[in-house]
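Commentary on secondary and tertiary structure
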Amino acid sequence: MDTEANRNYKRVVVKIGSSSLTHEKTGSLNFNKMEHLVRALCDVRNQGIDVCLVSSGAIAVGRDAIGLKERPEHISAKQACAAVGQAKLMMTYQKLFGEYNQVAGQILLTKNTMINPVSRDNAKNTFEELFRMGILPVVNENDTVSTYEMQFGDNDTLSALVASLIQADLLILLSDIDGLCTDDPHRNPDAVVIHEVEQIDEQIYEMAKDSTGSEVGTGGMATKLTAAKIATLSGADMIIANGKDVGVIQQIFEGNITGTRFHANANPNFQLANFIMETIG
Ligand code: GLU
């Protein structure tokens, strides 16, 4: 499709969800996939582009390590899983990034970090310092301390807030869907992916209504549109792409976008903290 797509991006946030990182049958980590993801990200770094990874998987990995058969329902059980899983997840990322000579750092955020101007500035400065040092930040929500009142709940939104905070010019959501479709592709074989979205209007919200979310992760199409709003208003393009093959990352930088791209539409009056309070609650 569209080859004016290659926009010379300088700073990218890539978000990958639990369902893309784990095996569907067992819920265990898909090492092959993680390895490909890390290699693709290091290759983007090697092109002189700042890269930030927002990775889910803390709860899924913890649940697998603890041996819980069912998905935890209670917040404390989820938090216990995250306490185990986040450490294991980072251990794997550190090892894989190390193989490509890339140093990675961990940043765990809560809603309070984003709302409170002092913590927000501190987080922003940390990101800047990491980029200056050539370190690749790996971000997740701080699930072990995020109570219901202050949690983002899904990493689609979190990754858009990060993109806004660090003034990225591109956010890539790697998902288990191909992009925003005209209808639910599971029910309607004629549904097609919309490749370019210039304006997030009523028609786009209508189309998003019928799309499906996944069993493992938490973000459906509604959260992806919220993410798109945050990213585009902050001046970043946002691309939803199918993460089943992480080679899609390289394709994007070659200007070959197969998913949906929402065009940046920067609004100088966009205030991150206000948006969080008004929209995400
Ligand atoms: N922060 C959660 C985790 O790492 C996942 C949230 C999401 O799936 O979007 O397990």
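Residues numbered from 1 in each chain as written. Predicted model: local features only at pLDDT ≥ 70, side-chain atom pairs only at ≥ 80, totals over all residues. Heavy atoms only, no water.

For the rest of this paragraph, the subject is the pattern of salt bridges. Taken as a whole and assessed by the stated rule, the structure comprises eight salt bridges. R11 serves as the salt-bridge partner of D50, at 3.0 Å between the closest nitrogen and oxygen. Of the two residues, D50 is situated in strand 2 (residues 50-55) and R11 in strand 1 (residues 11-16); the sequence distance between them amounts to 39 residues. Residue D237 pairs with R261 through a salt bridge whose shortest N-O separation is 3.9 Å. In this pair, D237 sits in strand 7 (residues 237-242) while R261 sits in strand 8 (residues 260-262), placing the two residues 24 residues apart along the sequence. For R261, a relative accessible area of 0% translates into the label buried. Among the charged side chains, a network of salt bridges with common partners joins R11, D50 and E128. (Salt bridge = Lys/Arg side-chain N within 4 Å of Asp/Glu carboxyl O. Helix = DSSP H or I, 4+ residues; strand = E, 2+ residues; numbered from the N terminus. Buried < 20%, exposed > 50% of the residue type's maximum accessible area, 1.4 Å probe, protein only.)

Turning next to helix 4 (residues 75-99). With 25 residues, helix 4 should cover 36 Å at 1.5 Å per step; its first-to-last C-alpha distance of 35 Å lies within 8% of that length. One or two residues past the end of helix 4 sits N101, with phi positive at roughly 60°. (Expected span 1.5 Å × (residues − 1).)

Turning to the pairing of strand 7, a few remarks are in order. Burial of strand 7 is extensive: six of the six residues sit out of reach of the surface. Neither face of strand 7 is left uncovered, since the one carrying D237, I239 and A241 and the one carrying M238, I240 and N242 both have all their residues buried. One ladder, built from three bridges, connects strand 7 with strand 8; its direction is antiparallel. By the bridge assignment for strand 8, M238 is matched with F262. (Pairing = 2+ DSSP bridges.)

Direction vectors running N to C along helix 7 (residues 155-165) and helix 9 (residues 221-233) enclose 5°, while the axes themselves pass 8 Å from each other. Considering their axes alone, helix 7 and helix 9 lie roughly parallel with respect to each other. Contact residues: helix 7 offers D156, T157, A160, L161 and S164, while helix 9 offers T223, K224, A227, I230 and A231. (Axes fitted to C-alpha atoms, helices over the stretch in contact; angles between N-to-C directions. Parallel < 35°, antiparallel > 145°, perpendicular 65-115°, else oblique. Contact = heavy atoms within 4.5 Å.)

To continue, consider the packing of helix 3 (residues 58-66) against helix 4. One can describe the packing of helix 3 onto helix 4 by two numbers: an axis separation of 6 Å at closest approach and a directional angle of 95°. As summarised for this structure, helix 3 and helix 4 are arranged roughly perpendicular, according to the angle between their axes. Two secondary-structure elements touch here, helix 3 through A58, I59, V61, G62, R63, A65 and I66 and helix 4 through K78, A80, C81, A82, V84, G85, Q86, K88 and L89. Looking at the contact of helix 3 with helix 4 residue by residue, the classes come out as 10 nonpolar, three polar and three charged. (Nonpolar A, V, L, I, M, F, W, Y, C, P; charged D, E, K, R; others polar.)

Quick look at the pairing of strand 1 now. Burial analysis of strand 1 places six of its six residues in the buried class, which makes it a mostly covered element. Neither face of strand 1 is exposed, since R11, V13 and K15 on one face and V12, V14 and I16 on the opposite face are all buried. Bridge analysis of strand 1 against strand 2 gives six bridges, and the strand direction is parallel. If you follow V13 over to strand 2, its bridge partner there is C52. Where strand 1 meets strand 5 (residues 170-175), five bridges bridge the pair, whose relative direction is parallel. Counterpart to V12 in the pairing with strand 5 is L170.

It is worth spelling out the nonpolar core at this point. Counting 46 residues, the largest nonpolar core has V162 and F262 as the members making the most contacts within it. With seven residues, the single largest contributor to this core is helix 9. Among all residues touching V162, those that are not within four sequence positions of it are V13, C52, L109, M114, F127 and V139. One finds V12, A104, L174 and V246 within the second-largest nonpolar core, a separate group that totals 36 residues. (Core = buried A, V, L, I, M, F, W, Y, C linked by side-chain atoms within 4.5 Å.)

Take R63: it is sitting in helix 3. The exposure class assigned to R63 is partly exposed, which follows from its relative accessible area of 26%. Spatially, the C-alpha atom of R63 lies 31 Å from that of M238, the residues being 175 residues apart in sequence. Once you skip the residues sitting within four places of it in the chain, R63 turns out to touch L68, K69, E70, R71, P72 and C81. Engagement of the side chain of R63 in a polar contact is seen with the backbone oxygen of K69, the distance being 3.0 Å. (Polar contact = N/O pair within 3.5 Å; in protein donor to acceptor, adjacent residues only side chain to side chain.)

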